[in-house]
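The residues making up each chain are set out below.
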Amino acid sequence: MISVNDFKTGLTVQVDNDIYTVLDFQHVKPGKGAAFVRSKLKNLRNGNTVERTFRAGETIGRAIIENRGVSYLYASGSEHTFMDNETYDQFTLTSDQLEWELNFLKENMNVKIVSYQGEILGIDLPTSVELKVIETEPGVKGNTAQGATKNAKVETGLNVQVPLFINEGDVLLIDTREGKYSSRA
């Protein structure tokens, strides 16, 4: 058990039989009445974000999340097969479980699997990945003042806004948290 007074960003907790990670929290001490903790929590099972208020000093369950290194092997229809890097066990996740992550996954890519008591909650991507541009319009020099962008499609099917100097075949660093262009690789 953990006190809500000890909340930290990134902490995983168990509330109402669901597993949450703390995205944001604020200790509030009103002039009148008891202190409380206002928090924003992300459900690790379905990805929903909720706001919860707890009384100061209230205790809730701590959830110990396990991260293991796995390799993404291949896709077969709507199922995606992964292999544990230590035990070589294979398991599959559905496209529904990996909706956002599929924008960045390539075959033989190393990622971390997030699990709680044997239940697989999802995967944890690296902060940025290298993806090759497969389709983009040529940039025309001199038609803008500054900071112009164009649309580019990368090898996973993700569409990204990139600077005009990016061409087909270029390898880009893409931020997996926001799905935005970072730089050329």
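Please read all numbers here as calculations on a predicted model, not as lab measurements.

A.B. asks: What is the right way to read the side chain of Asp84 from this model?
C.D. replies: Tracing the sequence through the fold places Asp84 in strand 8 (residues 79-84). For Asp84, the side chain forms a polar contact with the side chain of Arg68, separated by 2.8 Å. What Asp84 contacts, discounting residues up to four positions off in sequence, is Arg68, Gly69, Val70, Asp89 and Phe91.

A.B. asks: How do you make sense of the UniProt feature "domain: Translation elongation factor P/YeiP central" (unreviewed entry) in the chain when you look at a structure like this?
C.D. replies: When the UniProt feature table is mapped onto this chain numbering, "domain: Translation elongation factor P/YeiP central" (unreviewed entry) sits at residues 67-121. Spanning residues 67-121, this segment combines 0% helix with 56% strand, and its end C-alpha atoms are found 10 Å apart.

A.B. asks: Which parts of the structure should I look at to understand the pattern of salt bridges?
C.D. replies: Scanning all chains against the criterion turns up nine salt bridges. Across the pair Arg68 and Asp84 runs a salt bridge, and its minimum N-O distance is 2.8 Å. With Arg68 in strand 7 (residues 66-76) and Asp84 in strand 8, this residue pair connects regions lying 16 residues apart in the sequence. A residue is classified by how much of its surface remains accessible, and Arg68, at 29% relative accessible area, is partly exposed. With a relative accessible area of 5%, Asp84 lands in the buried category. Of the charged contacts in the structure, one is a salt bridge between Glu155 and Lys106, with a shortest N-O distance of 3.8 Å. Pair noted here: Glu155 is in the loop between strand 13 (149-154) and strand 14 (159-163) and Lys106 is in the loop between strand 9 (90-94) and strand 10 (110-116), with a separation of 49 residues, a long-range link. Its relative accessible area of 29% is what places Lys106 among the partly exposed residues. Within this structure, Asp18, Arg45 and Glu119 form a network of salt bridges that share partners.

A.B. asks: It is not clear to me how unusual backbone geometry should be interpreted in this structure. Could you clarify?
C.D. replies: Negative phi characterises most residues that are not glycine, and trans characterises most peptide bonds. Phi angles above zero are rare outside glycine, and Asn17 is one such case at about 60 degrees. Structurally, the position occupied by Asn17 is in the loop between strand 2 (12-15) and strand 3 (18-28). Its relative accessible area of 64% is what places Asn17 among the exposed residues. Non-glycine residue Gln117 carries a positive phi angle of around 50 degrees. Structurally, Gln117 can be placed in the loop between strand 10 and strand 11 (119-124).

A.B. asks: What am I meant to see in the side chain of Asp170 here?
C.D. replies: Note that Asp170 resides in the loop between strand 14 and strand 15 (171-175). Since its relative accessible area comes to 17%, Asp170 is described here as buried. At 2.9 Å, the side chain of Asp170 and the backbone nitrogen of Asn167 are in polar contact. Those residues in contact with Asp170 that lie beyond four places of it in its chain are Leu131, Lys132, Val133, Phe165 and Arg184.

A.B. asks: Is there a simple way to explain the sheet that holds strand 11 in this structure?
C.D. replies: For sheets, the rule is that strands pair by backbone hydrogen bonds, running either parallel or antiparallel. Taking strand neighbours across the sheet as the criterion, the five strands line up as 9-8-7-10-11 in an open arrangement whose pairing is antiparallel. Because the sheet does not close on itself, it has two edges, and the strands there are strand 9 and strand 11. Strand-to-strand twist in this sheet, taken as the mean axis angle between neighbours without regard to direction, amounts to 45 degrees. Bridge count between strand 8 and strand 9: five bridges; the pairing is antiparallel. Looking at strand 9, one finds that Phe82 is bridged to Phe91.

Parameters and conventions
Residues numbered from 1 in each chain as written. Predicted model: local features only at pLDDT ≥ 70, side-chain atom pairs only at ≥ 80, totals over all residues. Heavy atoms only, no water. Helix = DSSP H or I, 4+ residues; strand = E, 2+ residues; numbered from the N terminus. Polar contact = N/O pair within 3.5 Å; in protein donor to acceptor, adjacent residues only side chain to side chain. Contact = heavy atoms within 4.5 Å. UniProt positions renumbered as here; feature names shortened; annotations may be inferred. Salt bridge = Lys/Arg side-chain N within 4 Å of Asp/Glu carboxyl O. Buried < 20%, exposed > 50% of the residue type's maximum accessible area, 1.4 Å probe, protein only. Pairing = 2+ DSSP bridges. Axes fitted to C-alpha atoms, helices over the stretch in contact; angles between N-to-C directions.

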